[in-house]
Amino acid sequence: MQSIHSTSSSGLMNSGALKSIIPGTSPTTTTQPPLSLTFNHRVSSNPARLVVRSVYQFDSASASTKVNNVNGANGSPAAAVTAPASFNIGGVVGGGSRADWQSACAILASKVVSQQQDTEKSGGAGGQITAVNGHKAASASLDLVPIDSLPKALTIADLSPAPMHGSKLRVAYQGVPGAFSEAAAGKAYPKCEAIPCDQFEVAFQAVELWIADRAVLPVENSLGGSIHRNYDLLLRHRLHIVGEVQLPVHHCLLALPGVRKEYLSRVISHPQALAQCEHTLTKMGLNVAREAVDDTAGAAEFVAANNLRDTAAIASSRAAELYGLQILADGIQDDSSNVTRFVMLAREPIIPRTDRPFKTSIVFAHDKGTSVLFKVLSAFAFRNISLTKIESRPHRNRPIRLVDDANVGTAKHFEYMFYVDFEASMAEVRAQNALAEVQEFTSFLRVLGSYPMDMTPWSPSPGE
Ligand SMILES: O=C(O)C(=O)C[C@]1(C(=O)O)C=C[C@@H](O)C=C1
């Protein structure tokens, strides 16, 4: 019996992807007294090594509280908000009281005067105070900063860099370059800048924090079924589904150059990929250990980076190219028409239309009563609205309902959240009426998004 082990991102996975960006998780503190607090979102510009970190940093060199938002797309500062918290003037560090402030100002004033005198004496500009408290000081002759170089007021665009005209849409995905999610991002937004993230949660946060404009998320596969975690995340976050793509998934068995099948003692990949290739691997005589990692391309990267001659990865042919691996076997998915469905997420919903086929995704919890699920679903059936998917997940807040019966004891009913996709646009009256009716039977109802269906003509993966 083969087993699939779960390995956390701190284990096998060695990606340079976006890391968790929950503020305060990786504070960098100095032993010096906290003089200013810097909150930095730093995004490296190397797409294969993109890391976003929230750094709370006590910065004794600056006398202010700064929030620096560094734009991930080009690495240039997008915003810097400065507010006095405590101060450091001319080497005098103040704790923030009025008396400290005044004495520090006095010291500063005397320094200005003495430096002005030095400058005047020397007749040069060499003795100018260049910066006070992070701000450029006016020159000694008091010719103030020219009007055209006055600092510009921050605008909402500085704080939330959306793609400007002509710039690329930034799309967050889970995994490293070569992952199928990256390919899905490219299919959904052909000219986008794909941003690798080490977890799904991080991809959501990247959009919520305006580091990315969209996230692309796998929700189901034709062989492996639903990706449950992502259903839960859709509910926990407030992003909107704005589109879907269905990607043919063509798996390859990858190993270091020169490695033969007989040398292998394990195969590593994303759990979905291992599941999608299970029968083929067995048919190939590869009865070796399977190990799960965070994404397919991450598995390929791991084999290459650690020079593992006894390990193969299941990943895309692009991953083979990127990480210098050879393809031992091509098209090893158990079904040639292996497809993964991804949804695209954004901060704002799109306006639903009726000029092309639309799908709408909802989630609801139903109230007590008889045949409630039947009643809810019939609201669609009576209006000729086809359901394309139904999924249930445990109700997080109320997973169990106790039903007491004096004679026979207590029944424990499991409570669910139901996710339904149906083929209609929210711009259609029949869809609005159906939802109005659904609302009557439900204790909770949310529209996750109404979006164009992926209608690309069917093209099985190459080599099929
Ligand atoms: O690991 C990857 O390459 C992914 O993009 C993730 C993922 C998934 O979660 O299902 C996407 C497509 C394939 O089904 C296999 C893995």
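For the structure itself, look to the data block above.
These remarks concern the structure in this document. (Residues numbered from 1 in each chain as written. Predicted model: local features only at pLDDT ≥ 70, side-chain atom pairs only at ≥ 80, totals over all residues. Heavy atoms only, no water.)

1. So, the packing of aromatic side chains
Part 1 of the reasoning: Tallying each qualifying case throughout the model produces four aromatic pairs.
Part 2 of the reasoning: Taken together, a centroid distance of 5.0 Å and an interplanar angle of 80° make the contact between Tyr231 and Tyr419 edge-to-face. Of this pair, Tyr231 sits in helix α5 (residues 228-236) while Tyr419 is found in strand β25 (residues 416-422), placing the two residues 188 residues apart along the sequence.
Part 3 of the reasoning: Residue classification places Tyr231 among the buried residues on the basis of a relative accessible area of 5%.
Part 4 of the reasoning: Taking relative accessible area as the criterion, Tyr419 reaches 3% and is therefore assigned buried.
Part 5 of the reasoning: With 5.9 Å between their ring centres and 55° between their planes, Tyr416 and Phe418 make a pair best called tilted.
Part 6 of the reasoning: The rings of Phe364, Tyr416 and Phe418 are connected pair by pair, giving a single aromatic cluster. (Phe/Tyr/Trp six-rings, centres within 6.5 Å; stacked < 30°, edge-to-face > 60°. Helix = DSSP H or I, 4+ residues; strand = E, 2+ residues; numbered from the N terminus. Buried < 20%, exposed > 50% of the residue type's maximum accessible area, 1.4 Å probe, protein only.)

2. With respect to the sheet that holds strand β22 (residues 387-394)
Part 1 of the reasoning: Sheet architecture is open: four strands sit in the order β22-β25-β21-β26, paired in antiparallel fashion. Unpaired on one side and paired on the other, β22 and β26 (442-452) mark the two borders of the sheet. Within this sheet the neighbouring strands show an average axis-to-axis angle of 15°, counted without direction.
Part 2 of the reasoning: Across five bridges, strand β21 (residues 358-366) lies against β25 in antiparallel orientation. (Pairing = 2+ DSSP bridges. Axes fitted to C-alpha atoms, helices over the stretch in contact; angles between N-to-C directions.)

3. A few points about a nonpolar patch on the surface
Part 1 of the reasoning: On the surface, a cluster of nonpolar side chains totalling about 420 Å² of accessible area is made up of Ile400, Leu402, Phe414 and Tyr416.
Part 2 of the reasoning: Checked against the element boundaries, Tyr416 lands in strand β25.
Part 3 of the reasoning: Exposure remark for Tyr416: the relative accessible area of 36% places this residue in the partly exposed category. (Patch = residues over 30% accessible without salt bridge, like charges linked within 9 Å, V, L, I, M, F, W, Y side chains within 5 Å. Areas by Shrake-Rupley, 256 points an atom, 1.4 Å probe, with all protein chains shown as cover. Salt bridge = Lys/Arg side-chain N within 4 Å of Asp/Glu carboxyl O.)

Limitation: the analysis is restricted to geometry and does not speak to function.
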